[in-house]
Amino acid sequence: MIDVNKIRADFPILNRKVNGKPLVYFDNGATTQKPKQVIDAIVNYYSEHNANIHRGVHTLSREATELFEEARKTVSKFIGAEAEEIVFTAGTTDSINIVAAGLDLPVGSEIIITEMEHHSNILPWQLWCEKNEGKLKVIPVEVDGTLDIGLLESLITPQTKVLAVTHVSNTLGVINPVDALIKIAKQYGLIVLVDGAQSIPHMKIDVRELGADFYVFSGHKVYAPTGTGVLWMNKQWVGKLKLSRSGGGTIKTVSFDKTDYVEGALRYEPGTPNIEGVLGLASALKYVNEIGIEKIAKHEHTLLKYATERLNEIPEVEIYANHLEKAAVISFNVKGAHPFDVGTLLDKYGIAVRTGHHCTQPLMARYKIPGTVRASFAMYNTLEEINIFIEALQKSIKMLS
Ligand SMILES: Cc1ncc(COP(=O)(O)O)c(C=O)c1O
């Protein structure tokens, strides 16, 4: 069991009121709040160590470099990887763009994605296809929110080179059977990218067990600062993934005729990185480790189960992918009401939920809806908050009918 009250005390923003009511923050799928340990790591960096990294011989520069490279080790341990395989990026979107632009695929290649992908795991591949006469193929989503994984094999042809799939749907919360998908993809020699933006905060990740080529995530969805992200690549890719951007910090020697790049992950990190963000990310992952990801997952599952039961009691509510094997995300609609109206009324009660298409317009088209209301939970949420939410939702439904 986790001590939620103790955890809540670490998150200053949870004390604030919204529209005169205590904040109930259920928009964790969009971004999580930050504990004071993360905020302190940033303040400490600027108060004590601020300098550019990897370049200076002076004390501050050496300290900042050490902290930054320590952070790389912390991140690598968190996902069972090696430090050399970790590239710091600006987020999931940035990571996927680096991979899509860096794979040396033959013209006319086919990329398989799923119908539930976030736009960030569609558009970089779509761009690649537009430039290279490629083809995007899509595994459809069943009405219950599952993927028909049997279909994957029928989509694969000799031109198929990549499978890019989300581990957890940001809209539905559905946990995809990535193990099975990767197994099939690997039988056909496909390169596999797993979008971990919504799995990293909710479950233990071991990239070796996963068996993908790339696993990517954003720091801000796992209690770390915005503008931070990770591109994990299996070490066979380090050096092999083409550079799609370059600049200072990535090289051994430069002349106008030829440039030699460094061997490791640093070759993919041109320019001055988001140093304070990366230190905040390391601090966030340490925080998660101290509490324990399995314990967090258990707590979130209790919240998910309770919220699902309570929502299912309301006749006007329709939940999508209404089964319990999900990460801590519930998407629903109120019959006859626009999700924006529901979200706006809930905000009056201090409740933050997400409304809209959640950057998954093809999935919305599949369900023939403009959007959903999405409540997504984190380690600091409570059963009492769910009661407040249900009460406010019932009042909102009355107002809307
Ligand atoms: C599944 C998934 N993929 C990608 C992204 C994009 O993440 P970011 O905006 O941090 O790059 C998100 C963000 O909501 C997401 O949920």
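The rules behind these values
- Within each chain, residues carry numbers counting from 1 in the order of the written sequence.
- With the structure being a predicted model, the display of local features is reserved for residues of pLDDT at least 70 and the display and counting of side-chain atom pairs for 80 or more, all residues being used for whole-chain, interface and lining totals.
- Computation of side-chain values: all heavy atoms of the structure, hydrogens and water removed.
- To get an axis, a line is fitted to the C-alpha atoms, and for a helix only the part in contact is used. The angle between two axes follows their N-to-C directions and goes from 0 to 180 degrees.
- A run of H or I in DSSP becomes a helix once it reaches four residues, and a run of E becomes a strand once it reaches two; helices and strands are each numbered from the N terminus.
- When an angle is under 35 degrees it counts as roughly parallel; over 145 it counts as roughly antiparallel; between 65 and 115 it counts as roughly perpendicular; any other value is oblique.
- By convention the crossing between two helices is left-handed if the near helix lies anticlockwise of the far one by an angle smaller than a right angle, and right-handed if it lies clockwise.
- The contact definition used throughout considers only heavy atoms, calling two residues in contact when any of these lie within 4.5 Å.
- The classification used treats Ala, Val, Leu, Ile, Met, Phe, Trp, Tyr, Cys and Pro as nonpolar, Asp, Glu, Lys and Arg as charged, and all other residues, Gly among them, as polar.
- Here the expected length of a helix is defined as 1.5 Å per residue gap, with one fewer gap than residues.
- Each residue is assigned to one of three classes by its accessible area relative to the maximum for its type, calculated with a 1.4 Å probe on protein chains only: buried under 20%, partly exposed between the two thresholds, exposed over 50%.
- A pair of strands is treated as paired once DSSP finds two or more bridges between them.
- When the strands point away from the viewer and the connection leading from the first strand across the helix to the second strand turns clockwise, the crossover is called right-handed.
- Note on definitions. A residue lies near a molecule or strand when any single heavy atom of the residue is within 4 Å of it.
- We define a polar contact as two N or O atoms separated by no more than 3.5 Å, with the added condition that, inside protein, one atom must be a possible hydrogen donor and the other a possible acceptor, whereas residues neighbouring each other in sequence contribute only through side-chain atom pairs.
- Residue ranges labeled as domains rest on an automatic or database domain assignment.

With that settled, the discussion passes to the packing of helix H3 (residues 59–78) against helix H9 (residues 275–291). Running from N to C, H3 and H9 point in directions that differ by 40°, and their axes come no closer than 9 Å. In this view, H3 runs oblique relative to H9, as classed from their interaxial angle. The two elements H3 and H9 meet at a crossing, and its hand is left-handed. Across the interface between the two elements, Leu67, Phe68, Ala71, Thr74, Val75 and Phe78 of H3 pack against Ile275, Val278, Leu279, Leu281, Ala282, Leu285, Lys286, Val288 and Asn289 of H9. For the contact of H3 with H9, the per-class residue count stands at 12 nonpolar, 2 polar and 1 charged.

Its 17 residues give H9 an end-to-end C-alpha distance of 25 Å, which sits within 8% of 24 Å, the value for a rise of 1.5 Å per residue. The buried count for H9 comes to 13 of 17 residues, which makes it a mostly enclosed element. Phi turns positive, to about 100°, at Gly292, one or two residues after H9.

Our next topic: the pairing of strand E7 (residues 160–166). Counting buried residues along E7, 6 of its 7 residues qualify, which places the element largely inside the surrounding structure. In the sheet, strand E5 (residues 110–114) pairs with E7 via 3 bridges, with the strands oriented parallel. Residue pairing across strands places Glu110 opposite Thr160, the latter belonging to E7. In the sheet, E7 pairs with strand E8 (residues 191–195) via 5 bridges, with the strands oriented parallel. Bridge pairing in E8 links Ala164 to Leu193. Following the chain from E7 across helix H7 (residues 178–187) to the adjacent parallel E8, one finds a crossover that is right-handed.

Turning to the site of the ligand, a few remarks are in order. The immediate surroundings of the ligand are formed by 13 residues, with Thr93, Asp195, Gln198, Ser218 and Lys221 found nearest. One of the side-chain nitrogen or oxygen atoms of His118 is found 3.4 Å away from an oxygen atom of the ligand. Interatomic distance of 2.7 Å between a side-chain N/O atom of His220 and an oxygen atom of the ligand. Residue classes in the shell around the ligand are distributed as 1 nonpolar, 10 polar and 2 charged.

What follows is about the domain arrangement of the protein chain. Where the parts come together, the accessible area they lose is often given as the size of the interface. With domains assigned, the protein chain is organised as domain 1 (4–30 + 292–400) and domain 2 (39–290). When each unit is reduced to the centre of its C-alpha atoms, the spacing between domain 1 and domain 2 is 28 Å. Contact residues are listed per partner, giving 36 residues for domain 1 and 33 residues for domain 2. One can count 21 residue pairs in polar contact (both at pLDDT 80 or more) joining domain 1 with domain 2. Secondary-structure elements contributing two or more residues to the side of domain 1 that touches domain 2 are helix H10 (293–312), strand E14 (329–334) and helix H12 (361–367).

Another aspect to go through is the environment of Tyr367. The topology assignment puts Tyr367 in helix H12. A relative accessible area of 13% means that Tyr367 is categorised as buried. Between the C-alpha atoms of Tyr367 and Lys335, which are 32 residues apart in sequence, the distance is 14 Å. Apart from the residues within four sequence positions on either side, Tyr367 is in contact with Val141, Glu142, Val143, Asp144, Gly145, Leu172 and Tyr320.

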